[in-house]
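Structure at a glance
Each chain is listed here by its residues.
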Number of protein chains: 2
Amino acid sequence: MADGDIDRLIQLLARLPGLGPRSARRGALYLLQRRESLLQPLAAALTRAAESIVACSTCGNLDSSDPCAICRDPGRDRSTICVVEEVGDLWALERSGAFKGRYHVLGGTLSALDGRGPEQLNLGRLLERAGEAGTEEIILALSATVEGQTTAHYLVERLAGLPVEVTGLGRGVPVGGSLDFLDDGTLAAALKARRPAG
Amino acid sequence: MADGDIDRLIQLLARLPGLGPRSARRGALYLLQRRESLLQPLAAALTRAAESIVACSTCGNLDSSDPCAICRDPGRDRSTICVVEEVGDLWALERSGAFKGRYHVLGGTLSALDGRGPEQLNLGRLLERAGEAGTEEIILALSATVEGQTTAHYLVERLAGLPVEVTGLGRGVPVGGSLDFLDDGTLAAALKARRPAG
């Protein structure tokens, strides 16, 4: 019989992805046993995030300022916009350090099944940005899923007519990937995208 | 490149048991995308827990009052004290609904390897409670591990001489347990603890 306050904490923790009722109980206990080193700092960090983090009105990234740090950074290439589904994808690309342009977060994909149409996506602002002087290339970094590719196809149509090049990510064998463990679709795509060796 | 405030939130979330850096990122994003339904309530619940939850000075349970709700409950049998290692064990027993007495949370086990001696455990108060008029039985509900059993052995010695019966949990096949999947130690204990059938 956990206390009411503890129960409420456990119920909220259990709603986090990857935590179930059991790990939420464990997490709550862990927090209560580390009041000053973890519980209080986490409460403060959440309160601060709730107050300070906003979606960038240019690209949709989450940041404590608007425009976000990436959109404000004069060192980033303004000619290329990388379109991603979610902020998590933007974070993944930033961790790779492989992209020096700017982003546009769609906020999801088109999905007939889930009833998500173009009006649910952050599209208008993308079309505006694509039409701005200086924008040369739009990279569609969308998932290689049916929904991601449906969305990419739709974006290609919407962006046609604008003076920008629209590209997609390369397909093939992931770095470190063993052929034996790859699915047929990836193998077929890798064969199709073959290139001179050496 | 997550924002500084987001980075800090991710780092703190990653310290929860069962969450790594990847799931902490996913959790932070999930929270930021559910500001009013989850982020703010969780921040409030943590702040409230940090302010209100204290260890019961009688039994060591965590509660928003001292003595805790269990120690205050006049409906609970005052003759029996169930000794557990951690508050999580107390919660597990409460969920089972099988125990109607009161508890005593040791706060861990003796461990020569980790340098935990008797002075690190909540022992003095247990000996006081064991000596109080009305206390008839002390149930040692400790883990069936080397450390749990070392601690149980030590407690039996310390409680000797007091007018209380000291008991331990039954050993055997867990409910729903298939013999094929049980370890040898449990099988041996179950054979030793055999009882008339039917």
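Keep in mind the model is a prediction, meaning the values are calculated, not measured. (Residues numbered from 1 in each chain as written. Chains lettered and ligands numbered in written order. Predicted model: local features only at pLDDT ≥ 70, side-chain atom pairs only at ≥ 80, totals over all residues. Heavy atoms only, no water.)

A separate point is the overall build of chain A. Regarding its fold elements, chain A presents eight helices and six strands. For chain A, the sequential pattern of α-helices and β-strands runs α-α-α-β-β-α-β-α-β-α-β-α-β-α. Whereas a compact globule of 198 residues would reach a radius of gyration of roughly 16 Å, chain A reaches 21 Å, over 25% beyond that. Dimensions along the principal axes, computed over C-alpha positions, put chain A at roughly 65 × 45 × 40 Å. Of all 198 residues assigned to chain A, the portion counted as buried reaches 42%. Looking at chain A alone, contacts between residues at least 24 apart form 46% of all its contacts between residues at least 6 apart. Total accessible area computed for chain A in this model is approximately 10600 Å², and 53% of it derives from carbon and sulfur atoms. Side chains of chain A give 22 positive and 25 negative charges; the mean places of these two sets differ by 5 Å. (Helix = DSSP H or I, 4+ residues; strand = E, 2+ residues; numbered from the N terminus. Rg over C-alpha atoms; globule rule 2.2 N^0.38 Å. Buried < 20%, exposed > 50% of the residue type's maximum accessible area, 1.4 Å probe, protein only. Contact = heavy atoms within 4.5 Å. Areas by Shrake-Rupley, 256 points an atom, 1.4 Å probe, with all protein chains shown as cover. Lys, Arg positive; Asp, Glu negative; His and termini not counted. Charge placed at Lys NZ, Arg CZ, Asp CG, Glu CD.)

This brings us to the UniProt feature "domain: Toprim" (unreviewed entry) in chain A. When the UniProt feature table is mapped to this numbering, "domain: Toprim" (unreviewed entry) covers residues 79-174 of chain A. Helix makes up 33% of residues 79-174 of chain A and strand 18%. Its end C-alpha atoms lie 27 Å apart. (UniProt positions renumbered as here; feature names shortened; annotations may be inferred.)

Attention now moves to the interface of chain B and chain A. Each side of the interface is counted separately: chain B has 51 residues, and chain A has 51 residues. Across the chain B/chain A interface, buried area totals approximately 4900 Å², and carbon plus sulfur atoms make up 68% of it. If you look at where chain B meets chain A, you find two salt bridges. Of the charged contacts in the structure, one is a salt bridge between R48(A) and D5(B), with a shortest N-O distance of 2.9 Å. Scanning the region where chain B abuts chain A turns up eleven residue pairs in polar contact (both at pLDDT 80 or more). Of all the secondary-structure elements, those providing two or more residues to the side of chain B that touches chain A are α1 (4-13), α2 (21-32), α3 (35-52), β2 (62-63), α4 (69-72) and α5 (87-96) of chain B. (Buried area = accessible area lost by both parts, 1.4 Å probe. Salt bridge = Lys/Arg side-chain N within 4 Å of Asp/Glu carboxyl O. Polar contact = N/O pair within 3.5 Å; in protein donor to acceptor, adjacent residues only side chain to side chain.)

All names here are of chain B. The tally for this structure, following the rule as stated, stands at ten salt bridges over all chains. Notably, a salt bridge pairs R116 with D114, separated by 3.6 Å at the nearest N-O pair. Residue classification places D114 among the exposed residues on the basis of a relative accessible area of 52%.

Here we come to the nonpolar core. Counting 74 residues, the largest nonpolar core has L46(A) and L46(B) as its most contacted members. Aside from chain neighbours lying at most four places away, what touches L46(A) is L9(B), L31(B), L39(B), L42(B), A43(B) and L46(B). (Core = buried A, V, L, I, M, F, W, Y, C linked by side-chain atoms within 4.5 Å.)

Using the residue numbers shown here, the UniProt feature "zinc finger region: C4-type" (unreviewed entry) corresponds to residues 56-71 of chain A. Secondary structure across residues 56-71 of chain A comprises 19% helix and 12% strand; the distance between its end C-alpha atoms is 8 Å.

Our next topic: the confidence of the model for chain A. Residues shown with low pLDDT carry predicted positions that ought not to be read at fine detail. With 98% of its residues at a pLDDT of at least 70, chain A reaches an overall mean of 92. Taken element by element, the predicted model of chain A shows its lowest mean pLDDT in helix α8 (residues 184-192) of chain A (83) and its highest in strand β4 (residues 102-105) of chain A (97). (pLDDT = per-residue confidence, 0-100.)

Attention now goes to the sheet that holds strand β4 (residues 102-105) of chain B. Residue and element names in this part refer to chain B. Strands sit in the order β4-β3-β5-β6 across an open sheet of four strands; the sheet is parallel. With one partner strand each, in any of the chains shown, β4 and β6 (165-168) form the two edges of the open sheet. When the angles between neighbouring strand axes are averaged without regard to direction, this sheet yields 25 degrees. As defined by bridge partners, strand β3 (residues 80-84) adjoins β4 across four bridges and the pair is classed as parallel. If you follow V84 over to β4, its bridge partner there is V105. Docked against the sheet, helix α7 (residues 146-159) engages β3, β5 (137-140) and β6, running at close to 165 degrees with respect to β5. (Pairing = 2+ DSSP bridges. Axes fitted to C-alpha atoms, helices over the stretch in contact; angles between N-to-C directions.)

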